Amino acid sequence: MFKNISSCFIVSILFVYPLFAQTSITVNTEELSGVIDRHIFGQFSEHLGRGIYPGIWVGEDSDIPNIEGYRTDVLEALEALQIPNIRWPGGCFADDYRWKDGIGPRNERPVTLNALWGQVPEDNSFGTHEFLRFTELINAEPYISANVGSSNPKDMSDWIEYLTYDGETTLTKMRKENGKEEPWKIKFWGIGNESWGCGGNMTADFYADKYKQFATYAHNLSGNELYKIASGKYDVEYDWTDTLMSKASGLMDAISLHFYTIPTGNWDTKGPSTGFNEEEYIATIKYSLRMDEFIKGHSEIMDKYDPEKRVVLAVDEWGIWTDPLEGTNSGFLEQQNSLRDAFIASTTFDIFAKHNDRVKIANIAQTVNVLQAMVLTEDDKMIKTPTYYAFKFYTVHYDAKYFPLEFESPEYINVETSIPAIHGTASESKDGRINITLTNVDAQKGHDLILNFKELGGKSISSARILTADNVNSYNTFDDGDVVAPSGFNGASLSGNSLNITLPAKSIVVLTLH
């Protein structure tokens, strides 16, 4: 169920489906609807499997085309995605990471063990300077996760000083010697990750005290103001959120929430990323839609202690997690990426947008070669995934006024499972463009939609694109990277103040009126 509000017009939407059943909604544009924060479309790159090496970093001497050691093809693809922020170095890896191992001459950096992910050597060639240069090259803001599980407040405080202080100290001299004269501006700062699990197996009470200690030493230096994000828990673990909000909310700007879509609901046997049938498909989409339930649940807890909604809910790990691809290191979390996964992304964005009063930052797991990745690489080849294109479609909503959509969606039914077929987001950009993204998760049936506007003010359809494929389990390969790719959409037309759309089965459509 969606609601809609704007500053300049009213929208009514009729969904027409078999037997001519229609659902109409009116959007009252005079009520406050909120803004879709661009940071809900953030990314996550952990030192895990082939995510960093060689997904992002190959080194200057590599035969793979690169810019300063970064893969050229990946840089270009990610820059085009307009990524607002990217989280690093983890994840679980963050709470085992010693930041000083990743600075200085690369040939002098220690080789350490990545014990959590595949138990492989980590040469630390991609460290602080490399990550921050990466964010500069793709025009993203950095989101750094500090080590709380196996480190101490002083070590974190030193890292912040090294990064952000503009005075003369031993640490800032070290930074300058390592090639960065001026300090960086770092906003997003995570204090621990999954502290209830791989980040230290702490209780909520213990972590709340630990968080307050670390947050106290996370100093704002030289005009740099840190946005401090506490380690939250997952899905229905509301007690953790209650404890942290009651004991430490005054020292935090956000608390995280992690939720992964597990196709089978069983962490031991998650299900495949390819070759699934329709019954498995609809069950997976239904599972992913529970994001709405969990955001509501944690928001209600937060409202008790923060009714003004000052503290943000940061969904900084989310996405589909399947069984690893056959023949790969199980600790590398490599999986394929299908049209199904694009729907998981688009419908999750719709949920985030609806909860824009609390959800203002989120990070899908992960950017390259790991879990629900944007791009996949193999030697010198790279392909964009269906999820990449879902992200691309939603860039129209960055920092736009949110228009909730109220409607009773037709049902998509398979065997005994039923879910809403239609999902969507509408917004108004600062330049007055109206942007609409619609997803039909129904694998079999298209739906006719009529969007009735009170006043379009002479607007016309300036852009229309669609993402679909032959099957919901279709995916791109290194032999054919365009199996699932966007194309022009001609199924929409304007008639007066009404927008008529024929939304095909298994599709995402993005429309802009200007």
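What you see is a predicted model, and the numbers here were worked out from it, not measured in a lab. (Residues numbered from 1 in each chain as written. Predicted model: local features only at pLDDT ≥ 70, side-chain atom pairs only at ≥ 80, totals over all residues. Heavy atoms only, no water.)

Undergrad: Report on the overall build of the chain, specifying residues and quantitative values.
TA: In terms of regular secondary structure, the chain is built from ten helices and 28 strands. Relative to the globule expectation of 24 Å for 514 residues, the C-alpha radius of gyration of the chain, 23 Å, shows essentially globular dimensions. Dimensions of the chain, computed from the C-alpha atoms along their principal axes, are close to 70 × 50 × 45 Å. Counting contacts in the chain only where the partners sit at least 6 residues apart, residues at least 24 apart contribute 74% of the total. Only carbon and sulfur atoms are counted for the fraction: they give 47% of the accessible area of the chain, which is about 19600 Å². (Helix = DSSP H or I, 4+ residues; strand = E, 2+ residues; numbered from the N terminus. Rg over C-alpha atoms; globule rule 2.2 N^0.38 Å. Contact = heavy atoms within 4.5 Å. Areas by Shrake-Rupley, 256 points an atom, 1.4 Å probe, with all protein chains shown as cover.)

Undergrad: Please provide a residue-by-residue account of the confidence of the model for the chain, values included.
TA: Summarising the model, the chain shows a mean pLDDT of 93, and 94% of its residues fall at 70 or more. Every residue in residues 1-30 scores below 50 in pLDDT, and together they form 107 contacts with partners more than four places removed in sequence or on other chains. (pLDDT = per-residue confidence, 0-100.)

Undergrad: How would you explain helix H10 (residues 386-394) if you had to name every residue and give the values?
TA: With respect to burial, H10 is a largely interior element, eight of its nine residues being buried. When we look at burial in H10, the residues that qualify are Pro386, Thr387, Tyr388, Tyr389, Ala390, Phe391, Phe393 and Tyr394. (Buried < 20%, exposed > 50% of the residue type's maximum accessible area, 1.4 Å probe, protein only.)

Undergrad: Which residues make up the pairing of strand E15 (residues 359-364), and what are the values?
TA: Within a regular strand, side chains alternate between the sheet's two faces. Within E15, five of the six residues are buried, which leaves it mostly tucked inside the rest of the structure. Pairing of strand E14 (residues 312-320) with E15 involves four bridges; the strand directions are parallel. For Val315, the partnering residue across the bridge sits in E15 and is Ala362. Viewed along the sheet, the connection from E14 through helix H9 (residues 339-354) into E15 turns out right-handed. (Pairing = 2+ DSSP bridges. Right-handed = clockwise from strand over helix to strand, strands pointing away.)

Undergrad: Describe in detail the sheet that holds strand E7 (residues 85-88), supporting the description with residues and values.
TA: A sheet is described by the order of its strands in space; here eight strands give the open sequence E4-E7-E10-E11-E12-E13-E14-E15, paired in parallel fashion. Every interior strand has two partners, whereas the edge strands, strand E4 (43-44) and E15, have only one. Looking at chain direction, strand E12 (residues 227-230) and strand E13 (residues 254-261) are connected through two bridges and run parallel. What sits directly across from Ala230, in E13, is Ile255. Together, E13, E14 and E15 form the strand contacts of helix H8 (residues 291-305), whose direction differs from that of E14 by roughly 160°. (Axes fitted to C-alpha atoms, helices over the stretch in contact; angles between N-to-C directions.)

Undergrad: Any chance you could break down the nonpolar core for me, citing the residues and the numbers?
TA: Core analysis: the biggest nonpolar cluster contains 140 residues, and Phe134, Trp189, Tyr281, Trp318, Phe352 and Ile501 have the highest contact counts within it. The element contributing the most residues to this core is H9, with nine residues. Counting residues in each nonpolar core, the second largest holds eight residues, with Ile229, Ala254, Val312 and Ile361 among its members. (Core = buried A, V, L, I, M, F, W, Y, C linked by side-chain atoms within 4.5 Å.)

Undergrad: I'd like a description of the packing of aromatic side chains, backed by residues and values.
TA: Under the definition given, this model contains 32 aromatic pairs. Geometrically, the ring pair formed by Trp57 and Tyr70 is edge-to-face, given 5.0 Å between the ring centres and 80° between the ring planes. Of this pair, Trp57 sits in the loop between E4 and strand E5 (66-67) while Tyr70 is found in strand E6 (residues 70-71), placing the two residues 13 residues apart along the sequence. For the residue pair Trp57 and Tyr70, the accessibility class agrees, reading buried in each case. Ring plane angle 75° and centroid distance 4.9 Å describe the contact between Tyr260 and Trp321, whose orientation is recorded as edge-to-face. Separated by 61 residues along the polypeptide, Tyr260 in strand E13 and Trp321 in the loop between E14 and H9 bring together distant segments of the chain. Here a set of aromatic residues connected by ring pairs shows up, and it is made of Trp57, Tyr70, Trp88, Phe93, Tyr97, Trp99, Phe126, Phe131, Phe134, Trp159, Tyr162 and Trp189. Against the face of Tyr227 rests Lys187, its NZ or CZ located 5.4 Å from the ring centre. Sitting over the ring of Phe276, Arg340 keeps its end group 3.9 Å from the ring centre. (Phe/Tyr/Trp six-rings, centres within 6.5 Å; stacked < 30°, edge-to-face > 60°. Lys NZ or Arg CZ within 6 Å of the ring centre and 35° of its normal.)

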